[in-house]
Amino acid sequence: MTYLQFREQWRKVGCFSIYQLRAWQEDFDRTNLSRWVKQGYLLKIRQDWYAFSDILSEPEAARYIAYKIYQPSYISLHAALSIYGIIPEAVSRITCVTTSRTTAYSNALGEFSYQSIKPEIYFGYKQVPVAYGGFYQLALPEKAILDLLYLYPEYNTEESLHDLRFDEWWMQNELDRKRLQEYTTQCGKKSIQNRAELLLKTYCHD
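To start, this report covers the structure provided alongside it.

What counts and how
Residues numbered from 1 in each chain as written. Predicted model: local features only at pLDDT ≥ 70, side-chain atom pairs only at ≥ 80, totals over all residues. Heavy atoms only, no water. Helix = DSSP H or I, 4+ residues; strand = E, 2+ residues; numbered from the N terminus. Buried < 20%, exposed > 50% of the residue type's maximum accessible area, 1.4 Å probe, protein only. Contact = heavy atoms within 4.5 Å. Areas by Shrake-Rupley, 256 points an atom, 1.4 Å probe, with all protein chains shown as cover. Lys, Arg positive; Asp, Glu negative; His and termini not counted. Charge placed at Lys NZ, Arg CZ, Asp CG, Glu CD. Pairing = 2+ DSSP bridges. Axes fitted to C-alpha atoms, helices over the stretch in contact; angles between N-to-C directions. Core = buried A, V, L, I, M, F, W, Y, C linked by side-chain atoms within 4.5 Å. Phe/Tyr/Trp six-rings, centres within 6.5 Å; stacked < 30°, edge-to-face > 60°.

Looking now at the overall build of the chain. Of the regular secondary structure elements, the chain holds 10 helices and 9 strands. Principal axes of the C-alpha set define a box for the chain whose edges measure 65 × 30 × 25 Å. Taken across its 206 residues, the chain has 49% of its residues classed as buried. The long-range fraction of contacts in the chain, counting pairs at least 24 apart against all pairs at least 6 apart in sequence, stands at 59%. Surface summary for the chain: the accessible area is close to 10,600 Å², and the carbon and sulfur share equals 47%. When the 24 basic and 24 acidic side-chain charges of the chain are each reduced to a single mean position, those positions are 6 Å apart.

With that out of the way, let us pick up the sheet that holds strand β2 (residues 42-46). The antiparallel open sheet is built from 3 strands, whose spatial order is β1-β3-β2. The outermost strands of the open sheet, each flanked by one partner alone, are β1 (15-17) and β2. On average, adjacent strands in this sheet sit at an angle of 30° to one another, irrespective of strand direction. Relative to the sheet, helix α1 (residues 3-10) contacts β1, β2 and β3 (49-52), its axis offset from that of β3 by approximately 95°. Running at roughly 110° to β2, helix α3 (residues 31-38) makes contact with β1, β2 and β3 of the sheet.

For alanine 61, the position within the fold is in helix α4 (residues 61-68). Separated by 69 residues in the primary sequence, alanine 61 and valine 130 have C-alpha atoms spaced 8.3 Å apart.

The subject of this paragraph is the nonpolar core. The biggest cluster of nonpolar side chains holds 63 residues, and the ones touching the most others in it are Ile45, Ile65, Ile145, Phe166 and Met171. It is helix α6 (residues 141-151) that contributes the most residues to this core, 7 residues altogether. Beyond its immediate sequence surroundings of up to four residues, isoleucine 65 is in contact with Cys15, Ile45, Ala51, Ile55, Leu109 and Phe112. Grouped together as the second largest cluster of nonpolar side chains are 12 residues, Phe28, Leu33, Trp36 and Phe52 included.

Our next topic: the packing of aromatic side chains. A full pass over the atoms with the stated rule returns 23 aromatic pairs. Ring centres of phenylalanine 6 and tryptophan 36 lie 4.9 Å apart, and the angle between their planes is 40°; this geometry places the pair in the tilted category. Pair noted here: phenylalanine 6 is in helix α1 and tryptophan 36 is in helix α3, with a separation of 30 residues, a long-range link. On the accessibility criterion, tryptophan 36 (1% relative accessible area) is buried. Between tyrosine 74 and tyrosine 125 the ring centres are 4.9 Å apart and the planes differ by 20°, which places this aromatic pair in the stacked class. Taken together, the residues tyrosine 74 in strand β4 (residues 73-75) and tyrosine 125 in strand β8 (residues 125-129) connect sequence positions 51 residues apart.

Structure, rendered in structure tokens:
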């Protein structure tokens, strides 16, 4: 098989695993992948996972890769808060939550971290389509906040919450308080509800 033949078949997928290739062609020779990586046609993005090199120029490529290479997962925490403009910092690491084990990867597209949460609080995200096909999953703003309060218990004082530097206009005008309350109730932990109430007290001055 030539590289051009392979590309014609798999370009729209963006990234793929050796297991997908073996399901497509049982006798697929994985040495092709090593050769194409050396030639610069492909990127190795984690063990047994590859992407076409020109994906680097695609919008939202890192977000798409973050979802594809470790599932189930969705982008949340600081990365999601930055995407929504709730925190001022541009976040270089793509932070995700997952029901699988906590892990991290680094490749040509950047750094990716995945933090484990319980299956019962794996909710509150949407699918975001990408221009070249496929999608990634992104927490809704209120769920990104809840995930942060859940995974970082040190945010339990007004001072520590203020240090997050949430955009006060967004918190007062765009935050869906009803949804946040529903999410914290669904979480079922009183400590999280207390932190959410303290967050509102810190930023939402009625």
